[in-house]
Amino acid sequence: MAEEKSKLQRLLEQGEFVVSGEIGPPKSAAGDGVRHHTEELKPYVDAMNLTDNQTAIVRLSSIAAGIHVMAAGGEPIIQMTCRDRNRIALQSDLLGAYSLGVRNVLCLSGDHQSFGNHQAAKNVFDLDSIQLIKTVRDMRDKKAFHSGEAIKKDEPRFFIGAVANPFADPFEFRVLRLEKKIRAGAQFIQTQCIFDMERFEKFMDLARNRGLHEQAYIMAGVMPIKNAKVAKYMQKNVSGMLVPDGIVERLQKAEDQTAEGVQICIEQIQQLKSIPGVRGVHIMAVAWEEIIPTIVKGAGLLPRPQ
Amino acid sequence: MIVAEAKPLEEILDSLKGMSKVLVAGCGGCVAVCLAGGEKEVGIMASALRMKRELAGEPLVTVEETLTRQCDPEYVKELGKKLDGVDCILSMACGVGVQFLAEHYPDMWVVPALNTKFAGATIEHGLWEERCGLCGECVLAQTGGVCPVIRCAKSLLNGPCGGSQNGKCEVKPNACAWQLIYDRMKSLGRLEQLVEVAEAKDWSKSRDGGPRQVVREDVKIDG
């Protein structure tokens, strides 16, 4: 199998400020929605995450969705969680995804099943996210399965991503956990949505102190908020997400809250771009994918490099 | 200890349908300590069953017996004397006791009165909490004496997920196990130990290989 670097990896290595987006696969057996979003987004983002049954709700698989993205000319980042598959199924899916042309994988723990639509499900967590990262790396660099057995030919050679949440606790451990992920093999990092800029800057300070910004490409996560109600909901109900009161108030005061939400997101991107060690942004417009072009344009990130 | 709690009375009554004489068998071990299946609970269970059946016009005779332990063949044997005319044994022990009774009395119908919950301890009077996942390969030396296998909702071995906030787990009102681990390692000056990547667990040492055995040749008595 020919060595084939992903576009995402190539652009990051070239030093481009990279933009990725996110597409939530549908709760149905149709791929046209994903293809449609891909067509819409591909001039504006360099790669697209496909979430893996996010919030533990059954959806079209992230790998299948990634194939639809490729069919529509986009670059997929397959999300892979440890919640639903053991090490046998995870490795099998890695082989399958690579054989179909997928080159980027993002390894996560996965949302707990109690948030989803199958709360009586048994979670797996045979591996945790860090052990999954190491597994993907060992398949590539050691040409070996998790058990140590050699992969005799055509090993999967993924560009490996991981997530970091600077807004969960314990705060100081978040940087150590990022370091563990990088040690295990993570090459690019996408962070949780950033609203509390001060805390993120502190996180980046600590990360830079440990030299982590030079060991992995850190992409800052952002999320446009449609209105003050949504901001308040996230503030109260979503663990691991910090939405400062200032943002809620700014939305409340705005005449056009949606436009203000977009403006806030654009300003955040501009601010993030100036933080040393931030190598790109990841835009999570949950169920609002169509706003991504406006944000990318507004943030002055066009045209995208090829 | 093994912590258990009573099944809903309706479920127990349902499992005793058609039975006219039931031996309610208690256990003086863990389930007595956690107030689920000791002598006192046997008495309460037996009278509740009799009353319910009386009201339903299907009177029930109960025999009450609490063994020192139901997980020990020596004590299980004692129950033989009490089985005259008994249709069914209602075991108020954990799942181990229920199975031991079923194995020792092959002709007897044995049903459980409890749901066996976990290996845990008393936190305060009336509150028990899980502490050990019985995984077969203890990791407490790596995690400062706090078990992530059972106390983390995702059994994560390399630190907290993104849902840990203000010391709480996002799933339950419980403490985040990794916050507890972090706090302890920090106060003991061992934070760098947590930067080591913990290898994947060998789950074959856990329940995944079927029923496990511990064999100790040195203490075996060969007849």
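Calculation criteria
- Residues numbered from 1 in each chain as written.
- Chains lettered and ligands numbered in written order.
- Predicted model: local features only at pLDDT ≥ 70, side-chain atom pairs only at ≥ 80, totals over all residues.
- Heavy atoms only, no water.
- Helix = DSSP H or I, 4+ residues; strand = E, 2+ residues; numbered from the N terminus.
- Rg over C-alpha atoms; globule rule 2.2 N^0.38 Å.
- Buried < 20%, exposed > 50% of the residue type's maximum accessible area, 1.4 Å probe, protein only.
- Contact = heavy atoms within 4.5 Å.
- Areas by Shrake-Rupley, 256 points an atom, 1.4 Å probe, with all protein chains shown as cover.
- 1 Å grid on protein atoms, 1.4 Å probe; cavity = no way out; pocket = protein on both sides within 12 Å on 5 of 7 lines; lining within 4 Å.
- Points joined across faces, edges and corners; volume = space filled by probe spheres on them.
- Nonpolar A, V, L, I, M, F, W, Y, C, P; charged D, E, K, R; others polar.
- Pairing = 2+ DSSP bridges.
- Axes fitted to C-alpha atoms, helices over the stretch in contact; angles between N-to-C directions.
- Buried area = accessible area lost by both parts, 1.4 Å probe.
- Salt bridge = Lys/Arg side-chain N within 4 Å of Asp/Glu carboxyl O.
- Expected span 1.5 Å × (residues − 1).
- Polar contact = N/O pair within 3.5 Å; in protein donor to acceptor, adjacent residues only side chain to side chain.
- Domains from an automatic or database assignment.
- Parallel < 35°, antiparallel > 145°, perpendicular 65-115°, else oblique.
- Left-handed = near helix turned anticlockwise from the far one by under 90°.

### Here's the deal with the overall build of chain A
Step number 1: Per the secondary structure count, chain A includes 11 helices and 8 strands.
Step number 2: By the compact-globule yardstick of 19 Å for 306 residues, chain A fits well, its C-alpha radius of gyration being 19 Å.
Step number 3: With respect to the principal axes defined by its C-alpha atoms, chain A has extents near 60 × 45 × 45 Å.
Step number 4: Sorting the 306 residues of chain A into buried and exposed places 58% on the buried side.
Step number 5: Put simply, of all contacts in chain A between residues at least 6 apart along the chain, 79% involve residues at least 24 apart.
Step number 6: Of the roughly 12,500 Å² that chain A leaves accessible, carbon and sulfur atoms contribute 49%.

### Here we look at empty space enclosed by the protein
Step number 1: Inspection of the entire model under this criterion finds 2 cavities of 30 Å³ or more.
Step number 2: Of the voids in this model, the largest cavity is the one considered here, and its volume is about 120 Å³.
Step number 3: Forming the boundary of the largest cavity are 16 residues, of which Cys152(B), Ala153(B), Cys161(B), Cys169(B) and Cys176(B) lie nearest the centre.
Step number 4: When the residues that make up the lining of the largest cavity are grouped by side-chain class, the tally is 11 nonpolar, 2 polar and 3 charged.
Step number 5: In this structure, the second largest cavity spans a volume of roughly 40 Å³.
Step number 6: Together, Phe195(A), Met223(A), Pro224(A), Ile225(A), Ile247(A), Leu251(A), Gly261(A), Ile264(A), Cys265(A) and Gln268(A) line the second largest cavity.
Step number 7: Looking at the lining of the second largest cavity, the elements with two or more residues in it are helix H9 (245-253) and helix H10 (257-273) of chain A.
Step number 8: Here the lining of the second largest cavity gets 4 residues from one element, more than from any other, and that element is H10(A).
Step number 9: Class assignment of the residues belonging to the lining of the second largest cavity gives a composition of 8 nonpolar, 2 polar and no charged.

### Considerations on the sheet that holds strand E4 (residues 88-91) of chain B
All names here are of chain B.
Step number 1: Here 4 strands make up an open sheet; going across it, the order is E3-E2-E4-E5 and the pairing parallel. Every other strand in the sheet has two partners, leaving strand E3 (61-67) and strand E5 (109-112) as the edge strands with one partner each. Put simply, the sheet's adjacent strands are angled 25 degrees from each other on average, direction ignored.
Step number 2: By the bridge criterion, 4 bridges tie E4 to E5 in an arrangement that is parallel. The residue of E5 that forms the bridge with Leu90 is Val111.
Step number 3: Seen against the sheet, helix H5 (residues 95-104) touches strand E2 (21-27), E3, E4 and E5 and runs at an angle of roughly 180 degrees to E5.

### Some details on the interface of chain B and chain A
Step number 1: Contact residues are listed per partner, giving 29 residues for chain B and 36 residues for chain A.
Step number 2: Approximately 2,700 Å² of surface area, both sides summed, lies buried where chain B meets chain A, with 52% of it carried by carbon and sulfur atoms.
Step number 3: Contact with chain A buries area across many residues of chain B, yet Lys154(B), Gln165(B) and Val195(B) alone supply 21% of it, more than any other trio.
Step number 4: Applying the counting criterion to the chain B and chain A interface returns 2 salt bridges.

### A short note on H10(A)
Along an α-helix, a turn takes 3.6 residues, which lines up residues three or four apart on a common side.
All names here are of chain A.
Step number 1: For H10, spanning 17 residues, the distance from its first C-alpha to its last is 24 Å, which sits close to the expected 24 Å at 1.5 Å a residue.
Step number 2: Taken together, the buried positions of H10 are Glu260, Gly261, Val262, Ile264, Cys265, Ile266, Gln268, Ile269 and Leu272.
Step number 3: Along its buried surface, H10 packs onto helix H7 (197-209), strand E7 (217-222), H9, strand E8 (278-283) and helix H11 (292-298).
Step number 4: Of the residues that open H10, the one with a side-chain oxygen 3.2 Å from the backbone nitrogen of Thr258 is Asp256.

### What to know about the layout of surface pockets
Step number 1: If you add up the space inside the second largest pocket, you get close to 1,300 Å³.
Step number 2: Surrounding the second largest pocket, 41 residues form its lining, Asn123(A), Val149(B), Ile150(B), Cys152(B) and Ser155(B) being those nearest its centre.
Step number 3: Elements with a minimum of two residues in the lining of the second largest pocket: helix H4 (87-99) of chain A together with strand E7 (127-132), helix H6 (148-151) and helix H7 (177-187) of chain B.
Step number 4: In terms of residue class, the lining of the second largest pocket is made up of 19 nonpolar, 11 polar and 11 charged.

### Details of the environment of Lys236(A)
All names here are of chain A.
Step number 1: Within the element layout of this structure, Lys236 appears in helix H8 (residues 228-237).
Step number 2: Of the residues examined, Lys236 reaches a relative accessible area of 73% and is grouped as exposed.
Step number 3: A C-alpha to C-alpha distance of 16 Å links Lys236 and Ile194, two positions 42 residues apart in sequence.

### With respect to the side chain of Asp138(A)
Residues and elements named next belong to chain A.
Step number 1: By the secondary structure assignment, Asp138 is in helix H5 (residues 129-141).
Step number 2: Note on Asp138: relative accessible area 12%, which makes it buried.
Step number 3: Those residues in contact with Asp138, other than ones at most four positions away along the chain, are Lys143 and Ala144.

### Here we look at the sheet that holds E7(B)
Residue and element names in this part refer to chain B.
Step number 1: Spatially, the 3 strands line up as an open sheet ordered E1-E6-E7, and their pairing is antiparallel. One side of each edge strand has no neighbouring strand; the edge strands of this open sheet are strand E1 (2-6) and E7. Averaged over all pairs of adjacent strands, the angle between their axes in this sheet comes to 70 degrees, without regard to strand direction.
Step number 2: Note: E1 against strand E6 (residues 114-124), 5 bridges, orientation antiparallel.

### So, the domain arrangement of chain B
Step number 1: Domain parsing of chain B yields domain 1 (2-118) and domain 2 (136-196).
Step number 2: The distance between the C-alpha centroids of domain 1 of chain B and domain 2 of chain B comes to 39 Å.

### Re the pattern of salt bridges
Step number 1: In this structure the tally under the stated criterion is 34 salt bridges over all chains.
Step number 2: The salt bridge involving Glu179(A) is made with Arg183(A); its shortest N-O contact spans 3.4 Å. Taken together, the residues Glu179(A) and Arg183(A), both in helix H6 (residues 171-184) and 4 residues apart, mark about one turn of the helix.
Step number 3: Of the residues examined, Glu179(A) reaches a relative accessible area of 11% and is grouped as buried.
Step number 4: Arg183(A) sits in the partly exposed class, given a relative accessible area of 40%.
Step number 5: Where salt bridges share partners, they join Lys134(A), Arg137(A), Asp138(A) and Glu199(B) into one cluster.

### A look at the packing of H6(A) against H7(A)
All names here are of chain A.
Step number 1: It is the contact of H6 with H7, at a shortest axis distance of 10 Å, that shows an interaxial angle of 50 degrees. Taken as axis vectors, H6 and H7 run oblique relative to one another. Helix-helix and strand crossings are classified by hand; for H6 and H7 the assignment is right-handed. Here Phe171, Arg174, Val175 and Leu178 of H6 come into contact with H7, specifically with Arg199, Lys202, Phe203, Leu206 and Ala207.
Step number 2: Its residues placed into classes, the contact of H6 with H7 shows 6 nonpolar, no polar and 3 charged.

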